[in-house]
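# Observations on the three-dimensional arrangement
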Amino acid sequence: MLQVSRNLQIPDNEIDLQAIRAQGSGGQNVNKVASAIHLRFDIRASSLPDRYKDKLLALSDQRITTDGVVVIKAQQFRTQEMNKENALARLAQLIKSVTVEQKPRKATRPTLGSKRRRLDSKTKRGKTKSLRGKVDPS
């Protein structure tokens, strides 16, 4: 059971974890030990609420395929257990990012004082620049 938040959990049978060989250099050990983890999570077939599914599918994240499957490859650590924890934490973070409701922005107008300060600074800057002209030799 992956605990995403206090009231949101994902059952283990919805997450597909496979051990694969890690890429890159690392000597003899990397060639014979499958320490990297390949995580697959099907958004559409999951038990997530529909509003979270829609938000996840609407994300422009390269880890989400066009079929709606989250693919995470974890190979940062030397042990399979650490990579498994890392992959699950990254999945939980991705799901948690869509659960946060952003409050709508309320349009406001600048105050009269801020307008005056802006115009005063523009006037002052313009005067400074006008003094940079050529010096009159007469």
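Residues numbered from 1 in each chain as written. Predicted model: local features only at pLDDT ≥ 70, side-chain atom pairs only at ≥ 80, totals over all residues. Heavy atoms only, no water.

Attention shifts here to the packing of aromatic side chains. Any aromatic ring pair is given by two values, namely how distant the centres are and how the planes are angled relative to each other. Applying the stated criterion across every chain yields a total of zero aromatic pairs. Lying over the aromatic face of Y52, R51 brings its terminal NZ or CZ to 4.6 Å of the ring centre. (Phe/Tyr/Trp six-rings, centres within 6.5 Å; stacked < 30°, edge-to-face > 60°. Lys NZ or Arg CZ within 6 Å of the ring centre and 35° of its normal.)

Now for the confidence of the model for the chain. Overall, the predicted model of the chain reaches an average pLDDT of 87, with 95% of residues at or above 70. Here helix α1 (residues 28-32) stands out as the element of the chain with the lowest mean pLDDT, 67, in contrast to helix α4 (residues 112-130), whose mean of 96 is the highest. (pLDDT = per-residue confidence, 0-100. Helix = DSSP H or I, 4+ residues; strand = E, 2+ residues; numbered from the N terminus.)

Another aspect to go through is the side chain of S35. In this fold, S35 is placed in the loop between α1 and β4 (36-42). When its relative accessible area of 9% is taken as the criterion, S35 is described as buried. (Buried < 20%, exposed > 50% of the residue type's maximum accessible area, 1.4 Å probe, protein only.)

For the rest of this paragraph, the subject is helix α2 (residues 50-58). By the burial criterion, the buried members of α2 are Y52, K53 and L56. What you see down the axis of α2 is that its buried residues fit within an arc of 100°, all on one side. For α2, exposure combined with an orientation more than 90 degrees from the buried face picks out D50, D54 and A58. Buried-residue contacts for α2 involve β2 (8-10) and α3 (80-99). (Arc of directions from axis to C-beta. Contact = heavy atoms within 4.5 Å.)

So, about a positive patch on the surface. Judged by side-chain charge, R109, K115, R118 and K122 come together as a positively charged surface patch. Note on placement: R118 falls in helix α4. (Patch = residues over 30% accessible without salt bridge, like charges linked within 9 Å, V, L, I, M, F, W, Y side chains within 5 Å. Areas by Shrake-Rupley, 256 points an atom, 1.4 Å probe, with all protein chains shown as cover. Salt bridge = Lys/Arg side-chain N within 4 Å of Asp/Glu carboxyl O. Lys, Arg positive; Asp, Glu negative; His and termini not counted. Charge placed at Lys NZ, Arg CZ, Asp CG, Glu CD.)

Mapped onto the elements, K122 comes out in helix α4. Classification of K122 by relative accessible area gives exposed; the value is 52%. Taking the C-alpha atoms as reference points, K122 and I15, separated by 107 residues in sequence, lie 58 Å from one another.

Attention shifts here to the nonpolar core. Note that soluble globular proteins tend to have their nonpolar side chains buried in a common cluster. Counting 23 residues, the largest nonpolar core has F41, L91 and I95 as the members making the most contacts within it. For this core, the elements supplying multiple residues, two or more each, are β1 (2-5), β2, β4, α2, β5 (69-74) and α3. For this core, the element with the most residues is α3, which contributes seven residues. Residues contacting I95, with those up to four places away along its chain left out, are V4, L8, I10, F41, L48 and L56. (Core = buried A, V, L, I, M, F, W, Y, C linked by side-chain atoms within 4.5 Å.)

Before going further, it helps to spend a moment on the pattern of salt bridges. Counting across every chain of the model gives two salt bridges. Notably, a salt bridge pairs K55 with E101, separated by 3.1 Å at the nearest N-O pair. Taken together, the positions of K55 in helix α2 and E101 in the loop between α3 and α4 put the pair 46 residues apart, joining distant regions of the chain. One salt bridge connects D61 with R63, and the closest N-O pair in it is separated by 2.8 Å.

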